[in-house]
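One letter stands for each residue in the lines below.
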Amino acid sequence: MTAEYLEKLFGLTGQTAVVIGGAGVLGGALCRGLVGAGARVVVADMTEEGCKARVEELEKLGARAGFCIVDVTSRKSIEELLSTALKQAGRVDILVNCAGINFGSPFLEHPEGQWDRVMAVNLKAVFQACQVFARHMVDAGGGSILNIGSVSSHLPLSRVFAYSASKAGVMNLTRNVAQEFGTQGVRVNAICPGFFPAEQNRRLLDQQRIDNIMQGTPMRRFGEPEELVGAMLLLLSPTAGSFITGTHINVDGGFTAAWF
Ligand SMILES: NC(=O)c1ccc[n+]([C@@H]2O[C@H](COP(=O)([O-])OP(=O)(O)OC[C@H]3O[C@@H](n4cnc5c(N)ncnc54)[C@H](O)[C@@H]3O)[C@@H](O)[C@H]2O)c1
């Protein structure tokens with residue numbers, strides 16, 4: 001297989017991608033994958049510090065990258081993100097929804113405020129960002145959206161009640177929005193990652209839980225963030241992924257394939 005053939009199949013040269021949550025651990029790997037495939041990236045996240053650090057990293061890789069501070073719990077902020085991205089790049093071909101938070105507790109002690117917070121960042125924000133960006137993509141003649149679900153999109157994970165419900169919602173929404181835009185050139189898909197070393201995980205995982213995860217993961221290890229990139233490029237590529245919409249790829253070392 002020639003490099004030219006692979007570039008034709010998976011390359012994103014000339015495309016602009018907005019990565020919400022791009023300063024995070026998994027978002028960072030997705031940004032690096034996007035620039036590796038030739039896309040221009042707009043890093044969108046909560047803090048200037050986080051965004052700038054990511055942009056510097058991408059520029060060292062030779063990429064054209066910009067950033068925009070966003071709070072995805074605010075529709076106005078998402079609309080401003082779109083305007084900023086359009087000022088920086090002229091159009092947006094790709095949206096990656098990779099912001100997320102988690103909260104764990106026994107069910108009876110789960111505070112209502114944490115339920116609302118997790119739902120706002122993990123689910124409502126995906127709804128709002130899909131709405132704001134899909135409108136632009138339809139007007140611009142097409143585009144592709146990638147949402148980040150989780151193994152908990154399929155299997156409720158104990159103690160993370162709001163998180164699991166939000167990620168199940170992300171998968172349902174992904175399928176539904178994909179139907180809406182099926183004939184308008186906008187494809188909508190998701191990646192459902194298994195367990196990856198990241199800050200939000202470290203806070204929640206004690207040794208017992210890590211042992212349980214390893215037991216449930218046929219490959220008996222955590223994923224590496226860069227292991228998400230291949231699935232992302234397949235789903236986002238207008239060539240390789242041209243007839244793929246409303247679905248997901250589990251990148252989870254077999255976690256969702258195992259039944260005990
Ligand atoms: N790490 C894992 O094992 C794992 C597994 C499955 C799914 N996920 C999902 O992958 C995504 C990325 O997670 P990660 O592990 O890289 O975590 P992370 O904490 O490193 O990244 C999440 C990013 O979201 C940003 N964010 C949070 N609230 C925001 C808001 N209101 N507005 C804008 N940005 C906001 C954070 O600033 C952070 O940069 C999340 O959706 C997470 O649920 C992670």
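Right, let's walk through the structure included here. Since we're looking at a predicted model, the values are computed, not measured.

Conventions and cut-offs
Residues numbered from 1 in each chain as written. Predicted model: local features only at pLDDT ≥ 70, side-chain atom pairs only at ≥ 80, totals over all residues. Heavy atoms only, no water. Salt bridge = Lys/Arg side-chain N within 4 Å of Asp/Glu carboxyl O. Helix = DSSP H or I, 4+ residues; strand = E, 2+ residues; numbered from the N terminus. Buried < 20%, exposed > 50% of the residue type's maximum accessible area, 1.4 Å probe, protein only. Core = buried A, V, L, I, M, F, W, Y, C linked by side-chain atoms within 4.5 Å. Contact = heavy atoms within 4.5 Å. Pairing = 2+ DSSP bridges. Axes fitted to C-alpha atoms, helices over the stretch in contact; angles between N-to-C directions.

On to the pattern of salt bridges. Across all of its chains, the model carries 8 salt bridges by this definition. The salt bridge involving R32 is made with E226; its shortest N-O contact spans 2.5 Å. Of this pair, R32 sits in helix α2 (residues 25-36) while E226 sits in the loop between α8 (207-216) and α9 (229-236), placing them 194 residues apart in sequence. Across the salt bridge formed by E48 and K52, the nearest N and O atoms sit 2.7 Å from each other. Remark: K52 and E48 occur in helix α3 (residues 48-60); sequence separation between them is 4 residues, near one turn of the helix. Judged by its relative accessible area of 37%, K52 is partly exposed. The network of salt bridges with shared partners includes R32, R54, E57 and E226.

This paragraph deals with the nonpolar core. Ranked by internal contacts, the top residues of the largest apolar core, which has 43 residues, are V18, I20, L81, L95, F133 and I145. Among the elements that take part in this core, helix α5 (residues 112-140) stands out by supplying 10 residues, more than any other. Discounting chain neighbours no more than four positions away, the residues touching L81 are V18, I20, A44, C68, V70 and F133.

Taken together, 7 strands build an open sheet; the order of strands is β3-β2-β1-β4-β5-β6-β7 and the sheet is parallel. In this open sheet, the two edge strands, each paired with only one partner strand, are β3 (65-69) and β7 (248-251). Within the sheet, the average angular offset between the axes of one strand and its neighbour, ignoring direction, is 15°. With 5 bridges connecting them, strand β2 (residues 40-45) and β3 associate as parallel partners. Among the inter-strand pairings, V43 is bridged to a residue of β3, identified as F67. Contacting β1 (16-20), β2 and β3, helix α4 (residues 75-89) runs over the sheet at an angle of about 160° to β3. Sitting on the sheet, α9 is in contact with β4 (94-97), β5 (143-148), β6 (186-193) and β7, with an inclination near 165° to β6.

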